[in-house]
Amino acid sequence: MSGLRRLSDEALVVRLQQAAFSYLIDHTDEETGLVADTSRPGSPCSIAVVGFALSCYPIAVRNGWLSRTEAARRTLKVLKFFLASPQGKAADATGYRGFYYHFLDMRTGRRVWQCELSLIDTALLMAGILVAGCYFDGTGEESDIRDHADVLYRRVDWHWAQNGTSGLSQGWKPECGFLHYGWEGYNEATILYILGLGSPTFPLTASCYDTWSLTYQWENLLGHDVLYSGPLFTHLFSHAWIDFRGIRDAFMREKNSDYFENTKSAIAIHREYGERNPYEFEGYCRDFWGVTAGDGPSVAAIHQKGRDRRFFGYMSRGVPYGPDDGTISPWAMLATLPFTPDAALSGTRHLLENYPQVCPGNRFSSGFNPTLLPASGGWLSEGWYGLDQGLLTMMIENHRSGLIWEIFRGCGYVRDGLAHAGFEGGWL
């Protein structure tokens, strides 16, 4: 790890980016092209991780980690799989009405764990599919990629997912129908609404986006005005694909802001929260933050420093309202590079200097909690999660070259979705 600390900022970032990307190669099934949710033995595929992988293959080509031919081969394999996989109401299908189940068996592609037909995870998969369709603009296999990507996106029945309402469910199961909870408050679902609104075949109604934005909470937190969402990842996921700089919907026009600036405000709040450290967790400071969704310790409560400490396991943690148990995601600070590069690098270097165990093999672990087991260096998540590695790869590239933002700006479906959501200005 001392080798990482001696690298220049640029060399450090590239080293960490390449290691993050390598997860997507190391944990892909050779037959289906599906990518595992985690590195743990027996892990199923997460369709969202496949969306990140499809988006990262062009990044690998640009950086010389994959040839364009190899990237196209990998892309076409997984697109063919999804196109041919069973769609229907059967409990072990791969998907239904163009959507896909959240978790799939790595070898067969069938639904596992009785998981939901997931709207947000399908949206993240479709984002990667659209990246592929826009990036591969050549002949032969690349022409097939474009054709398959277009078919896959066009067959998603976003309108069906409204279930006859002006809202949007989070998912559906063949056993019970639509889930009883929808989207409330600002979060990672922006890309879901944009892709749903941009569909030329089964679009969301325009009122659907307006209905969602009525649930937003604009607040002043720790000295910063912000459209509130507690977990840091919710301020990053949609931004991995969409360049929100200078474009505004009706909500942001009223606030004289945009979603890019809003994420910068959220980062400032996370840093201020770390500095104030209201629950006296070990390690928290202005350069130790990144409270978000991810793996955490699942252990019994302890009494420490006059406080009762509870730990939540895998949980969506948030700032400043919580939940918070002293667990951060080590990759999260570096993933903010496009927004606040100085803070991202300062925090990452502080983390590597003081807790080098969080980055085995140059690849950040999902969760770290120095408050638990401090004598042995703190609690560390086992293995890696694909979402973390894919998001980090993309965010670093958007900082370095803007590649994914550029690809997505050129996608007509995305531009249509933004226009239907009321976005104006900037590159639009």
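You'll find the structure just up there.
First, a word on what this report is: a plain description of the structure on this page. Here the structure is a predicted model, which means the values were calculated and not measured. (Residues numbered from 1 in each chain as written. Predicted model: local features only at pLDDT ≥ 70, side-chain atom pairs only at ≥ 80, totals over all residues. Heavy atoms only, no water.)

With that settled, the discussion passes to the overall build of the protein. For the protein, the count of helices and strands is 14 helices and 15 strands. Taking 2.2 N^0.38 as the reference for a compact globule, 428 residues should give roughly 22 Å; the C-alpha atoms of the protein span a radius of gyration of 21 Å, in line with that estimate. Its C-alpha atoms give the protein principal-axis dimensions of about 55 × 45 × 45 Å. By residue count, 61% of the 428 residues in the protein fall in the buried class. Taking all contacts inside the protein whose residues are at least 6 apart in sequence as the whole, residues at least 24 apart take part in 67%. When the accessible area of the protein is evaluated, it comes to approximately 15600 Å², of which 48% is carbon and sulfur surface. Of the charged side chains in the protein, 37 are positive and 47 negative, and the gap between their average positions amounts to 2 Å. (Helix = DSSP H or I, 4+ residues; strand = E, 2+ residues; numbered from the N terminus. Rg over C-alpha atoms; globule rule 2.2 N^0.38 Å. Buried < 20%, exposed > 50% of the residue type's maximum accessible area, 1.4 Å probe, protein only. Contact = heavy atoms within 4.5 Å. Areas by Shrake-Rupley, 256 points an atom, 1.4 Å probe, with all protein chains shown as cover. Lys, Arg positive; Asp, Glu negative; His and termini not counted. Charge placed at Lys NZ, Arg CZ, Asp CG, Glu CD.)

Quick look at the side chain of Ser55 now. Looking at where Ser55 falls in the secondary structure, it is placed in helix α3 (residues 47-63). Side-chain polar atoms of Ser55 contact the side chain of Trp241, separated by 2.8 Å. In contact with Ser55, not counting residues within four places along its chain, are Ala127, Gly128, Val131, Trp241, Met394 and Ile404. (Polar contact = N/O pair within 3.5 Å; in protein donor to acceptor, adjacent residues only side chain to side chain.)

What follows deals with the sheet that holds strand β6 (residues 171-173). With respect to topology, three strands assemble into an open sheet ordered β5-β6-β7, the strand pairing being antiparallel. The strands lining the two open edges of the sheet, one partner per strand, are β5 (117-118) and β7 (177-178). (Pairing = 2+ DSSP bridges.)

What follows deals with the packing of aromatic side chains. In the structure shown here, the tally under the stated rule is 39 aromatic pairs. Among the aromatic residues, those joined into a ring-pair cluster are Tyr186, Tyr193, Tyr209, Trp212, Tyr216, Trp218, Phe244, Phe251, Tyr259 and Phe423. The positively charged end of Arg68 is found above the aromatic ring belonging to Tyr135, 4.7 Å away from the centroid. Its end group placed over the ring of Trp384, Arg363 keeps NZ or CZ at 4.6 Å from the ring centre. (Phe/Tyr/Trp six-rings, centres within 6.5 Å; stacked < 30°, edge-to-face > 60°. Lys NZ or Arg CZ within 6 Å of the ring centre and 35° of its normal.)

This part takes up the pairing of strand β8 (residues 218-221). The alternating pattern of β8 places Glu219 and Leu221 on a buried face and Trp218 and Asn220 on a face that is not buried. Strand direction decides the pairing type here: β8 and strand β9 (residues 224-227), joined by four bridges, are antiparallel. If you follow Leu221 over to β9, its bridge partner there is His224. The antiparallel hairpin formed by β8 and β9 contains two residues in its connecting segment, where Leu222 sits at a positive phi of about 50°.

What follows concerns unusual backbone geometry. For the peptide bond that leads from Val319 to Pro320, omega is 0°, which places it in the cis range. Unlike most non-glycine residues, Asn277 shows phi in positive territory, near 45°. On the secondary structure map, Asn277 appears in the loop between α10 (259-276) and β10 (293-294).

This part covers the packing of α3 against helix α5 (residues 119-135). Relative to each other, α3 and α5 sit at 25°, their axes nearing to 6 Å. When the axes of α3 and α5 are compared, the pair comes out roughly parallel. Between α3 and α5 lies a crossing of left-handed hand. From α3, Ile47, Ala48, Val50, Gly51, Phe52, Leu54, Ser55, Pro58 and Val61 reach across to α5, where they touch Asp121, Thr122, Leu124, Leu125, Ala127, Gly128, Ile129, Val131 and Tyr135. (Axes fitted to C-alpha atoms, helices over the stretch in contact; angles between N-to-C directions. Parallel < 35°, antiparallel > 145°, perpendicular 65-115°, else oblique. Left-handed = near helix turned anticlockwise from the far one by under 90°.)

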